[in-house]
Amino acid sequence: MPLSAPTREALAIYGGTPVRRTLLPYGRHSIDEEDIQAVVNTLRSDWLTTGPKIEEFEEAFAAWVGARHAVSFSSGTAALHGAAFAAGIQAGDEAITTPLTFAATSNCILYQNGTPVFADVLADTLTIDPERVASLVSSRTRALLPVDYAGHPADLDSLMEIADRRGLLVIEDACHALGAEYRGRRVGSIAHMTVFSFHPVKHLTTGEGGMVTTDNAAYADTLRKFRNHGISTGARDRQQAGQWHYEMDVLGYNYRLTDIACALGLRQLTKLETNLARRREIAVQYSSAMRGLPGLVLPAVRDDVLPAWHLYPVRLDLAKFPAGRSETFRALRAENIGVNVHYIPVHLHPYYRNRFGYRGGEFPIAESGYESLISLPMFHGMIDGDVEDVIRAVGKVMGDFRK
Ligand SMILES: Cc1ncc(COP(=O)(O)O)c(C=O)c1O
């Protein structure tokens, strides 16, 4: 519907003064002097990659999430690829995943020549619906790939129960959910393999980076080999043992994370609890200020989880709020609030449409969720003034468009 002329505080989109003078991004890293010093120290050391910082970071990370093993990768995407390989996904296999995610989740199935099968999401949390998953399991299914959307864990017990009953593996994409808890357990200690990302908008950053956690030693060995060309010994082990001989017995990649990145990750890990607490505080500030705003649906939180709040995705109730998502999005951007949309459902991307024949309409909950979603800024470095700006801009835009 066309935007009506404002009668209250003029919206910036109509030439009014924006709520902020500079753009507040939807996500951002925080780096302090200790982080910088840790990287500088590693730059001065003997090992820039495949050195001691890798094990140190992996051990500290595994202990933090409560898993036996953690294997680092050069990105969350590489970590997903490693997990798909370790799960044995290959040509002819299917893996069931959610359409409401970043394409990397289902792309990792394609990297292994498997076929992604999408199951629609739950209407409240927008995480994969276990009942739909159960109905899609076939003799070809090898793995389930739930996503902890926005940092809210998927219904992991139900998915693990389906997997146990049907002999499948669960690869949890927890790229949004470092620090989230499900029924009192930390994400990373529940699924057969759990994948994390350390991209700068995440809770902890290494620039680019990723991790797989698992309790299974065989998966951990396979993951280590896969990220190192399919070779089981590392360059440092060989140097220390005075050996040159190595063998490559599977086709792997160079998906290693550097010591420089791991030094940063180790320092960032010490601040994770504080970062999570700040994100949770912001979520409370948002919900207490915006609950009840007509036309706005706040993110649902189930009783048995503690979300990690990677994103704060609100939904517009398009029946009560006739201005569309794109108008609202543009109006908030004009107020200098860096909103975003997560996600265009994967099956609607041209690659998936062309390859698998999707036309839209197959996954109505994910698709209607997408039509109404807007992610508000959410990162641990936001100060109270930033949070207030977002609340004020949302009230201003929604108040004007509702008239
Ligand atoms: C749900 C999800 N899975 C996977 C990834 C890929 O992670 P990376 O960017 O570290 O490769 C992302 C990245 O944002 C993501 O949001």
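What counts, and where the lines are drawn
Residues numbered from 1 in each chain as written. Predicted model: local features only at pLDDT ≥ 70, side-chain atom pairs only at ≥ 80, totals over all residues. Heavy atoms only, no water. Near = heavy atom within 4 Å. Polar contact = N/O pair within 3.5 Å; in protein donor to acceptor, adjacent residues only side chain to side chain. Areas by Shrake-Rupley, 256 points an atom, 1.4 Å probe, with all protein chains shown as cover. 1 Å grid on protein atoms, 1.4 Å probe; cavity = no way out; pocket = protein on both sides within 12 Å on 5 of 7 lines; lining within 4 Å. Sits in = over half its atoms within 2 Å of the grid points. Helix = DSSP H or I, 4+ residues; strand = E, 2+ residues; numbered from the N terminus. Nonpolar A, V, L, I, M, F, W, Y, C, P; charged D, E, K, R; others polar. Pairing = 2+ DSSP bridges. Buried < 20%, exposed > 50% of the residue type's maximum accessible area, 1.4 Å probe, protein only. Contact = heavy atoms within 4.5 Å. Core = buried A, V, L, I, M, F, W, Y, C linked by side-chain atoms within 4.5 Å. Points joined across faces, edges and corners; volume = space filled by probe spheres on them.

Take the site of the ligand next. Near the ligand lie 15 residues; those nearest to it are Gly-76, Thr-77, Asp-173, Ser-197 and Lys-202. The side chain of Thr-77 places a nitrogen or oxygen atom 2.5 Å from an oxygen atom of the ligand. At a separation of 2.7 Å, a nitrogen atom of the ligand approaches a polar side-chain atom of Asp-173. Coverage of the ligand by the protein amounts to 90% of the 380 Å² it exposes when considered alone. Here the ligand is seated within the second largest pocket. Counting residues per element, the ones that place at least two in the shell around the ligand are helix 3 (76–86) and helix 4 (104–111). Ranked by residues supplied to the shell around the ligand, first place goes to helix 3 with three residues. When its residues are assigned to classes, the shell around the ligand shows five nonpolar, eight polar and two charged.

Moving on, we get to the sheet that holds strand 11 (residues 305–306). Backbone-to-backbone hydrogen bonds join strands into a sheet, with any given pair of strands oriented parallel or antiparallel. Strand order across the open sheet formed by three strands is 7-6-11, with antiparallel pairing between neighbours. With partners counted over all chains shown, the strands left at the sheet margins are strand 7 (185–186) and strand 11, one partner each. With two bridges joining them, strand 6 (residues 181–182) and strand 7 adopt antiparallel strand pairing. Opposite Tyr-182, over in strand 7, you have Arg-185 as the bridge partner.

We now examine the side chain of His-81. If you trace the backbone, His-81 turns up in helix 3. Its relative accessible area of 2% is what places His-81 among the buried residues. For His-81, the contacting residues outside a window of four places in its chain are Cys-108, Tyr-111, Gln-112, Phe-226, Tyr-253 and Tyr-255.

Glycine aside, residues mostly have negative phi angles, and peptide bonds mostly take the trans form. Between His-342 and the following residue, Tyr-343, the backbone shows a cis peptide bond with an omega angle of 10 degrees. If you trace the backbone, Tyr-343 turns up in the loop between helix 11 (325–334) and helix 12 (350–356). One non-glycine residue, Asn-113, lies in positive phi territory at about 65 degrees. Here Asn-113 shows up in the loop between helix 4 and strand 3 (115–118).

Judged by nonpolar contacts, the single largest core of 31 residues is most densely connected at Tyr-286, Tyr-312 and Leu-376. Every element with two or more residues in this core is listed here: helix 10 (272–290), strand 12 (312–316), helix 11, strand 13 (373–376) and helix 14 (384–402). For this core, the element with the most residues is helix 14, which contributes seven residues. Residue contacts for Leu-376: discarding those within four places in its chain leaves Tyr-26, Tyr-286, Met-290, Tyr-312, Val-314, Val-339, Val-390 and Val-394. Within the second largest apolar cluster, 27 residues are counted, among which are Val-71, Ala-95, Leu-169 and Cys-175.

Summed over all chains, the structure comprises two cavities of 30 Å³ or more. Of the pockets and cavities examined, the largest cavity occupies roughly 120 Å³. Thr-125, Tyr-149, Pro-299, Ala-300 and Pro-313 are, among the 14 residues lining the largest cavity, the residues nearest its centre. Taken together, the residues of the lining of the largest cavity break down into nine nonpolar, three polar and two charged. Volume-wise, the second largest cavity comes out at about 40 Å³. Forming the walls of the second largest cavity are Leu-296, Val-314, Leu-316, Thr-328, Leu-332, Ile-374, Leu-376, Val-394 and Met-398. Counting residues per element, the ones that place at least two in the lining of the second largest cavity are strand 12, helix 11, strand 13 and helix 14. For the lining of the second largest cavity, the per-class residue count stands at eight nonpolar, one polar and no charged.

Keep in mind these values describe shape, not function.
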